[in-house]
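# Examination of the molecular architecture
Listed here are the chains, written in short residue letters.
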Amino acid sequence: MTMSLDAPDETMLQQHFDSTIAHEHRVEPRDWMPDGYRKTMIRQIAQHAHSEIIGMQPEGNWITRAPSLRRKAVLLAKVQDEAGHGMYLYSAAETLGADRADLTDKLVHGQQKYSSIFNYPTLSYADVGVIGWLVDGAAICNQVPLCRSSYGPYGRAMIRICKEESFHQRQGYELLMTMMAGTDAQRAMVQGAVDRFWWPSLMMFGPPDDASVNTEQSMAWGIKRHTNDELRQRFVDMSVPQAEKLGVRLPDPELAWNDARQHYDFGSVDWDELSAVIKGNGPCNAQRVAHRKAAHDEGAWVRDAATAYAAKTSRRLEAKT
Amino acid sequence: MIEDEFGAYHALTESEDDHRWAFGTGFTDALEGVDTGVAEGIDGDALAAYCLMLGDDALIYSHRLQQWITRAPELEEETALGNIALDLLGQARMLLARAGRADGTGRDEDRFAFFRDEHEFRNVRLVERLDQDFAELVARLLIFSAFRLALFDGLRASTDPVLSAIAEKGVKELTYHRDYAASWVVRLGDGTELSHRRMQAAIEVNWPLLDELFTPHAVEAALAGVAVEVGTLRAEVEAVLDTVLATASLDRPDLAPMAKLRGLAGRDGVHTEALGMLLAELQSVARAHPDATW
């Protein structure tokens, strides 16, 4: 006897998905979702995971030279957290059918991107603090709204990651406060780092809204909650009083409070520079990817050995039973 | 809604003291409630030297592990190696601080780490070499942590309450380090032909430095009841190594120990060439700004 169970047709599935989004419920891994949504989520999560992993390099650059053992422990723990975030995010991408090895392959062959901020060099120990304060700060601005991402595993990953990022940001700010209370050379180091990282931090929010190709669809899908320019303004508004408290000058002559707007006005970002960095011509693009590729390639024989050993072990177990 | 979302960010300029910043960053005091005075009858200078011996082993080896960060074969290994490097750094910090208390100079951990010269470091030579591949990493980690675990296990009974407390905490950490290393030595030894060859070579590179670990030193002799007699640890440590090597289908090397220099080695401040470069890196920023606070 045959039974015909009508598979739910595409229209019904789409309606169910649309209703999940409209009610701000989470989409879960086994739920039907449009291909475009799946692809966009994989791209978004993979880029975020890659950013965590590549982001280990600029700070990792200073672990062995950290000027006190306490700072060394703080930095080491932070970089380790980033590896943890990367693993967590790759797992979230795997719930969508992606494969971590495949995503890593795409990263090391330059087929998937990561945050351009990591293509700038870290040139003094103050950079460690400024990355915590400004770069992690901008990342938090971008990421906190993603805790409400419509895709469940990503939203939940972001809650945990944002908590840790806020510790990192405070550690960075605390390092800068300590350095500003130190010697003239230390204060100069902090100012130099702020001068170098302020504009790249503003660029972390992406192109202006009228030039952002993905924003509209991503907002409709509930995987992006605020526009690039909204988040950038918020970041500026929060950073200015922090810079004042710290005693550093933000390198923007147009920065001024606008009473009518109740926001800070600020100068325009050098989009040509950002575009050059995104295209691969930043100070460290080639270096970062080459470093990741070298670690991956040099680890191949180790991963092969682990796979071979696991296979041998299971054969031995089978032979026993 | 949006204001709540950014609460964490706004909290940045509040001056509350939040101690949850990071694991292993010195906010949890393993010595809380422990009497840190030096008991009567204990030779303070010898105790300080002993703390430096054990502290420098951890400090220098942690540095070599830190150099692996962003270079590990898998992300899981990144986090594991970061963990181990942090544990050892934590042990080093407590031991160096103890040295400054024991010798009466009041020097802090950073004074010892950043402002001593090469010949003042008392670590064994095993921890100095730059790893050439992942097999060398796990070979040395196995030898080092098997030795240090046996040592710390004995140190729990030390009559110095500070060393005893440090050892108590360290035993749990070192057990994990040893087991992590052993699992990789077995995987690589019994993995592919290539990994087997590299694992065997890595064991051989480190083996000549094993003997120094068990060589008694005058400092230990001056600290009966406080220090562990390292000579007594050899059988236990070698039994662990033999078991792991056999499980990994690796041969126990038949190699002579690395010679000393006029009878002196790492514990006496006579090191390999590798230590100078390591210290140049470790100390560079701190020494460029001797008046700075970090």
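Just so you know, these numbers come straight off a predicted model, no measurement behind them.

### Re the overall build of chain A
For chain A, the helix and strand inventory stands at 13 helices and two strands. When the backbone C-alpha atoms are referred to their principal axes, chain A occupies close to 85 × 55 × 30 Å. Looking at chain A residue by residue over its 321 residues, the buried ones come to 55%. The contacts in chain A between residues at least 6 apart in sequence include a share of 76% that link residues at least 24 apart. As displayed, chain A has an accessible area near 14,100 Å², and 53% of this comes from carbon and sulfur atoms. Averaging the coordinates of the 36 positive side-chain charges in chain A and doing the same for the 41 negative ones gives two points 8 Å apart.

### Quick look at the overall build of chain B
Counting secondary structure elements, chain B contains 12 helices and zero strands. Mapped in sequence order, the helices and strands of chain B form the string α-α-α-α-α-α-α-α-α-α-α-α. In chain B, which comprises 294 residues, the proportion classed as buried is 56%. Long-range contacts, defined as pairs at least 24 residues apart, comprise 80% of the intrachain contacts of chain B with a sequence gap of at least 6. About 12,100 Å² of surface is accessible on chain B, with carbon and sulfur atoms providing 51% of the total.

### Re the interface of chain A and chain B
Across the boundary between the two partners, chain A contributes 70 residues, which contact 68 residues of chain B. Between chain A and chain B, roughly 6,100 Å² of surface is buried when both sides are summed, and carbon and sulfur atoms account for 68% of that area. The three residues of chain A that bury the most area against chain B are Leu69, Arg170 and Trp301 of chain A, which together make up 14% of that side's buried surface. Seen at the junction of chain A and chain B, the total is four salt bridges. Asp190 of chain B is paired through a salt bridge with Lys312 of chain A; the nearest N and O atoms lie 3.1 Å apart. Our count for the contact surface shared by chain A and chain B stands at 13 residue pairs in polar contact (both at pLDDT 80 or more). Taken together, the elements giving at least two residues each to the side of chain A that touches chain B come down to helix 3 (56–60), helix 4 (69–94), helix 6 (125–143), helix 7 (152–180), helix 8 (184–203), helix 10 (228–246), helix 12 (285–298) and helix 13 (300–320) of chain A.

### Overview of the environment of Gln262 of chain A
Considering the arrangement of structural elements, one finds Gln262 of chain A in the loop between strand 1 (256–258) and strand 2 (263–265). Separated by 25 residues in the primary sequence, Gln262 of chain A and Asp237 of chain A have C-alpha atoms spaced 9.3 Å apart.

### Notes on the confidence of the model for chain B
In regions of low pLDDT, the predicted coordinates are not meant to be interpreted in detail. Residues and elements named next belong to chain B. Scored by pLDDT, chain B comes out at a mean of 91, with 89% of its residues at no less than 70. Overall, residues 1–9 carries pLDDT values under 50, and its contacts beyond four positions in sequence, including any with other chains, amount to 25 contacts. Here the complex is predicted with pTM 0.92, and the ipTM for its interfaces comes to 0.92.

### Section: empty space enclosed by the protein
If you walk through the whole model with that rule in mind, you get three cavities of 30 Å³ or more. Taken as a whole, the largest cavity spans an internal volume of roughly 100 Å³. Forming the boundary of the largest cavity are Glu59, Arg71, Val74, Leu75, Lys78, Tyr125, Val128, Gly132, His168, Gln171, Gly172 and Leu175 of chain A. Counting residues per element, the ones that place at least two in the lining of the largest cavity are helix 4, helix 6 and helix 7 of chain A. Residue composition of the lining of the largest cavity, by class: five nonpolar, four polar and three charged. Breaking the lining of the second largest cavity down by element, the ones donating at least two residues are helix 3 and helix 12 of chain A together with helix 4 (75–102) of chain B. Of the residues assigned to the lining of the second largest cavity, the class counts are five nonpolar, three polar and three charged.

Each value, and the rule that gives it
Residue positions within a chain follow its written sequence, with the count starting from 1. Whichever chain is written first becomes A and whichever ligand is written first becomes 1, with later ones labelled in order. For a predicted model such as this one, the threshold for reporting local features is a pLDDT of at least 70, and the threshold for listing and counting side-chain atom pairs is 80 or more; totals across whole chains, interfaces and linings nevertheless cover every residue. Only hydrogens and water are set aside; all other atoms, that is, all heavy atoms of the structure, feed into the side-chain values. Numbering of helices and strands runs from the N terminus, with a helix taken as a DSSP run of H or I at least four residues long and a strand as a DSSP run of E at least two residues long. Partly exposed describes any residue whose relative accessible area lies between the buried limit of under 20% and the exposed limit of over 50%, with all areas from a 1.4 Å probe on protein chains only and scaled to the type maximum. When checking whether two residues touch, look at their non-hydrogen atoms; a contact exists if any pair is within 4.5 Å. Surface accessibility in these figures is a Shrake-Rupley result with a 1.4 Å probe; residues are shielded only by whichever protein chains are displayed. Think of it this way: Lys and Arg go in the positive column, Asp and Glu in the negative one, and His and the chain ends go nowhere. Every charge is mapped to an atom, namely NZ of Lys, CZ of Arg, CG of Asp or CD of Glu. Once two parts are put together, the accessible area they lose, assessed with a 1.4 Å probe and summed over both, is termed the buried area. The salt bridge definition used is simple: a Lys or Arg side-chain nitrogen within 4 Å of an Asp or Glu carboxyl oxygen. For this analysis, a polar contact is any N or O atom pair within 3.5 Å, provided that within protein one partner can donate a hydrogen and the other can accept it, and provided that sequence-adjacent residues contribute only side-chain to side-chain pairs. The score called pLDDT rates the predictor's confidence residue by residue, from a low of 0 to a high of 100. Cavity: a set of points on a 1 Å grid over the protein atoms alone where a 1.4 Å probe fits but cannot get out. Pocket: an open set with protein on both sides within 12 Å along at least five of seven lines, its lining residues, like those of a cavity, having an atom within 4 Å of a point. Grid points are joined across faces, edges and corners, and a volume is the space filled by probe spheres set on the points. Amino acid classes used here: Ala, Val, Leu, Ile, Met, Phe, Trp, Tyr, Cys and Pro are nonpolar; Asp, Glu, Lys and Arg are charged; the rest, including Gly, are polar.

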